[in-house]
Amino acid sequence: MSEEQQKTGVQVGVVMGSRSDYETMQGALELLARLGVGYEVRVLSAHRTPGLLASYGARAERLNFACIIAGAGGAAHLPGMLAAFTRVPVLGVPVQSRALSGQDSLLSMVQMPAGVPVATFAIGAAGAKNAALFAAAVLATTDEAVRTRLDAFRAAQTQAVLDDPFFDGQ
Ligand code: RP5
């Protein structure tokens, strides 16, 4: 953990374009908490609060966040714009939209032109959870406590399959 992260207790920033994204993003928050990853969460919008987005990018650098998980739906320019404002790695979660089922969110994140990357995850709850697990895996390369909890999480996940009555022991 860096000096700044130790001071603030925040290793990962989590942002979402609207309060309506919370249901999707809560899976990420629950996993970060379970894995003992320090995080902060904010509603920030590329089109409703563009100024805040720029200052959040600077804040993420100043506080040395390991990454930012950014969830948004529709024309989901939040992760791309945030990545433009900061060198902190941005993990994009496409939230499932009503009109196009999240295809719009996915394509607007994954098709970033070369130069400003957004690591894009699956549409919806699975993407939110995997973004948190990915952030934890990166932190685990240097943070032994997170590594131990992530290994335990994965071992429990494996055990749950082995304990399933449909598992035939092969
Ligand atoms: C995006 O527009 C948000 O990320 C959200 O997924 C979508 C709809 O927002 P609301 O109209 O529900 O606030 O900016």
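Residues numbered from 1 in each chain as written. Predicted model: local features only at pLDDT ≥ 70, side-chain atom pairs only at ≥ 80, totals over all residues.

### Focus on helix α4 (residues 78-85)
Most of α4 is tucked away, with six of its eight residues classed as buried. Among all positions in α4, only L78, P79, G80, M81, L82 and A83 are buried. Lining the buried residues of α4 we find β1 (12-16), α3 (50-62), β3 (67-73), β4 (90-95) and α5 (103-110). (Buried ≥ 20, exposed ≤ 12 C-beta atoms within 10 Å, placed from the backbone. Helix = DSSP H or I, 4+ residues; strand = E, 2+ residues; numbered from the N terminus. Contact = placed C-beta atoms within 7 Å.)

### Let's talk about unusual backbone geometry
The backbone of N64 shows a phi angle near 55°, a positive value even though the residue is not glycine. Checked against the element boundaries, N64 lands in the loop between α3 and β3. A positive phi is found at S101, a non-glycine position, where the angle reads about 55°. Positionally, S101 belongs in the loop between β4 and α5.

### Considering α3
Compared with the 18 Å implied by 1.5 Å per residue over 13 residues, the 19 Å span of α3 between its first and last C-alpha is a close match. Within α3 the residues assigned to the buried category are L53, Y56, G57 and A60. Relative to the axis of α3, the buried residues are bounded by an arc of 105° and lie together on one face. For α3, the exposed residues set more than 90 degrees away from the buried face come down to G51, S55, A58 and R62. Buried-residue contacts for α3 involve β1, β2 (39-43), β3 and α4. The first or second residue beyond α3 is N64, which carries a positive phi of 55°. (Expected span 1.5 Å × (residues − 1). Arc of directions from axis to C-beta.)

### Some words on the sheet that holds β2
Across the sheet, which stays open at both edges, the five strands sit in the order β2-β1-β3-β4-β5 with parallel pairing between neighbours. Unpaired on one side and paired on the other, β2 and β5 (119-120) mark the two borders of the sheet. Bridge analysis of β1 against β3 gives five bridges, and the strand direction is parallel. Note that in β3 the partner of M16 across the bridge is G71. Where helix α2 (residues 22-34) meets the sheet, it contacts β1, β2, β3 and β4, and its direction lies at approximately 170° from that of β1. (Pairing = 2+ DSSP bridges. Axes fitted to C-alpha atoms, helices over the stretch in contact; angles between N-to-C directions.)

### Some thoughts on the packing of α2 against helix α6 (residues 125-140)
The N-to-C vectors of α2 and α6 enclose an angle of 25°; their axes lie 7 Å apart at closest approach. Judged by the angle between their axes, α2 and α6 are roughly parallel. Between α2 and α6 the crossing geometry is right-handed. Contacts between α2 and α6 involve T24, M25, G27, A28, L31 and L32 from the former and A125, A128, K129, A131, A132 and L133 from the latter. Class assignment of the residues belonging to the contact of α2 with α6 gives a composition of nine nonpolar, two polar and one charged. (Parallel < 35°, antiparallel > 145°, perpendicular 65-115°, else oblique. Left-handed = near helix turned anticlockwise from the far one by under 90°. Nonpolar A, V, L, I, M, F, W, Y, C, P; charged D, E, K, R; others polar.)

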